[in-house]
Protein chains: 2
Amino acid sequence: MQKEHNLSKNQKIIFDLIDKSRGPMKAYSILFNVQKKGIKAPLQVYRALDKLVEIGKIHKIESRNAFIACQNSSCQVSKATAFSICESCENVSEISNSKLSKYLSNFSDSSGMKYSKYNLEFFGLCKKCKSK
Amino acid sequence: MQKEHNLSKNQKIIFDLIDKSRGPMKAYSILFNVQKKGIKAPLQVYRALDKLVEIGKIHKIESRNAFIACQNSSCQVSKATAFSICESCENVSEISNSKLSKYLSNFSDSSGMKYSKYNLEFFGLCKKCKSK
DNA sequence: CTTATAAATGTTATATTATTACATACTGTT
DNA sequence: AACAGTATGTAATAATATAACATTTATAAG
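Being a predicted model, the structure only gives us computed values, none of them experimental.

Peer 1: Can you explain the relation of the copies chain A and chain B? Please cite residues and give values.
Peer 2: With an RMSD of 0.0 Å, chain A superimposes on chain B once it is rotated by 180° and translated 0.0 Å along the axis. Here the copies are linked by what is in effect a two-fold axis. By C-alpha distance to the rotation axis, the residue of chain A lying nearest is L120 of chain A, at 2.1 Å. Take the interface residues of chain A: 100% of them recur as interface residues in chain B, which is what a same-surface contact looks like.

So this is what it looks like as structure tokens:
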């Protein structure tokens, strides 16, 4: 059972934008898009992004410095994320595969260190781009 | 069998620095450290880093914007990387676990997309930090 | 050996991504 | 109403990365 988060005004504006976007969005592109709504400064964007990431509504695609809405209906896996990234069209989608997430969540290496979080990014060509 | 790469002057200077460093190094910290050797501009650093990443001598830790020397003796896995990151002391080590790498290299999701590369970052507390 | 080509370098300027610092306002308790 | 925690507004600046262009060095083919 997840906690219901009431998003603040800026958080909602920014989440809605990212959620409606087709792909990952970059912070300054978000800024540009929400200026008409009164959000004027980078920090306002980054603060909302930080919070949204923290509560699992969005994820950061680290290799792209971009943000995408959580595609797992319940956003339960904000600490265990996996993405598929097309290196040609830059399409990104979140992978939800219970075998994979179980495997990685239980993974422990020779050092005996136990992990509380992971992020996995797969790269390749999506079907469309492969057939070009 | 891997190709033997003869590093250029700048590449060698920068690789040696990263290789001797205890942890991941950031680009501008590298720049600062090699200025005495005549490398004066960010671009000189980034170009060497790009090449070193491309040939697998170093890896980028995406979540930290930092670079670490490949710890797999033969650098065969530059396209299939996994790291363990301590969120307290920021110690990073490369994970070489053949089961994990096999599992991930063969992974394919419901979209049928086949991946040519992946990068995995695990987060947690290392032994030292946990016991504090 | 020389010519062609690719790779690497040097340099300046600038673009992009992200944070510090400080003041103020809102929200939900007790 | 008073408090604590969270969110906002604003300006300045730090940190990360790339564009554009000129030149030089290394490599391989004839």
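Peer 1: Which residues make up the pattern of salt bridges, and what values do they have?
Peer 2: All names here are of chain B. Under the criterion given, the structure shown has 8 salt bridges over all chains. Here E54 ties to K51 by a salt bridge, and the two come within 3.7 Å at their closest N and O atoms. In this pair, E54 and K51 both sit in helix 3 (residues 42-54), 3 residues apart, roughly one turn of the helix. Note on K51: relative accessible area 31%, which makes it partly exposed.

Peer 1: Please give an account of the pairing of strand 5 (residues 115-124) of chain B that cites residues and values.
Peer 2: Counting buried residues in strand 5 of chain B gives 8 out of 10 residues, a clear majority hidden from the surface. Both strand 5 (residues 115-124) of chain A and strand 5 of chain B contribute to a ladder of 9 bridges, which runs antiparallel. Paired with E121 of chain A across the two strands is N119 of chain B, which belongs to strand 5 of chain B. Sheet topology places strand 3 (residues 80-86) of chain B next to strand 5 of chain B; 7 bridges connect them, and they run parallel. Within the sheet, the bridge partner assigned to I85 of chain B lies in strand 5 of chain B and is F123 of chain B.

Peer 1: With reference to specific residues and values, describe the domain arrangement of chain A.
Peer 2: Residue and element names in this part refer to chain A. By the assigned domains, chain A splits into domain 1 (9-69) and domain 2 (80-130). Here the C-alpha centroids of domain 1 and domain 2 sit 22 Å apart. The junction of domain 1 with domain 2 conceals about 740 Å² of combined surface from both sides, 56% of it contributed by carbon and sulfur atoms. Of all residues in domain 1, H59, I61 and R64 give up the largest surface area on contact with domain 2, accounting jointly for 56% of the area buried on that side. For the pair domain 1 and domain 2, the interface holds 1 salt bridge. The partner of E90 in a salt bridge is R64, and the shortest N-O contact between them spans 2.6 Å. At the boundary of domain 1 with domain 2, the tally comes to 4 residue pairs in polar contact (both at pLDDT 80 or more).

Peer 1: Please give an account of the protein's contact with DNA strand C that cites residues and values.
Peer 2: In the vicinity of DNA strand C lie 16 residues, with K26, L43 and K60 of chain A together with Q44 and R47 of chain B positioned nearest. Atoms of DNA strand C within 4 Å of the protein belong to the sugar or the phosphate in 47% of instances, the rest to bases. Between K60 of chain A and DNA strand C, the recorded distance is 2.7 Å, taken from a side-chain N or O atom to a phosphate oxygen. A distance of 3.5 Å is found between a phosphate oxygen of DNA strand C and a side-chain nitrogen or oxygen belonging to K40 of chain B. Of all the secondary-structure elements, those providing two or more residues to the surface near DNA strand C are helix 3 (42-54) of chain A together with helix 1 (9-20) and helix 3 of chain B. Take the surface near DNA strand C: its biggest share by element is 4 residues, from helix 3 of chain B. For the surface near DNA strand C, a count of residues per class yields 5 nonpolar, 5 polar and 6 charged.

Peer 1: For the side chain of N119 of chain B, give the residues involved together with the corresponding values.
Peer 2: Locating N119 of chain B in the fold gives a position in strand 5. Here the side chain of N119 of chain B touches T81 of chain B through a polar contact of 2.8 Å, side chain to side chain. Apart from the residues lying within four places of it in its own chain, the contact partners of N119 of chain B are N119, L120, E121 and F123 of chain A together with E62, T81 and F83 of chain B.

Peer 1: How would you summarise helix 1 (residues 9-20) of chain A if you had to cite specific residues and measurements?
Peer 2: Residue and element names in this part refer to chain A. Taking 1.5 Å of rise per residue, the 12 residues of helix 1 would be expected to cover 16 Å, and the 17 Å separating its terminal C-alpha atoms lies within 8% of that figure. Along helix 1, the residues that are buried comprise N10, Q11, I13, I14, F15 and I18. Buried residues along helix 1 sit against helix 2 (27-34), helix 3, strand 1 (58-61) and strand 2 (66-69).

Peer 1: Summarise the interface of chain A and chain B; cite the residues concerned and give the values.
Peer 2: At the interface, 31 residues of chain A touch 31 residues of chain B. Surface buried jointly by chain A and chain B totals about 2,700 Å² across both partners, of which 62% is contributed by carbon and sulfur atoms. Put simply, chain A and chain B have 2 salt bridges between them. Here K117 of chain B makes a salt bridge to E87 of chain A, at a shortest N to O gap of 3.3 Å. Summed over the shared surface of chain A and chain B, the number is 10 residue pairs in polar contact (both at pLDDT 80 or more).

Cut-offs used in this document
Residues numbered from 1 in each chain as written. Chains lettered and ligands numbered in written order. Predicted model: local features only at pLDDT ≥ 70, side-chain atom pairs only at ≥ 80, totals over all residues. Heavy atoms only, no water. Least-squares fit on C-alpha atoms with pLDDT ≥ 70 in both. Contact = heavy atoms within 4.5 Å. Salt bridge = Lys/Arg side-chain N within 4 Å of Asp/Glu carboxyl O. Helix = DSSP H or I, 4+ residues; strand = E, 2+ residues; numbered from the N terminus. Buried < 20%, exposed > 50% of the residue type's maximum accessible area, 1.4 Å probe, protein only. Pairing = 2+ DSSP bridges. Domains from an automatic or database assignment. Buried area = accessible area lost by both parts, 1.4 Å probe. Polar contact = N/O pair within 3.5 Å; in protein donor to acceptor, adjacent residues only side chain to side chain. Near = heavy atom within 4 Å. Nonpolar A, V, L, I, M, F, W, Y, C, P; charged D, E, K, R; others polar. Expected span 1.5 Å × (residues − 1).

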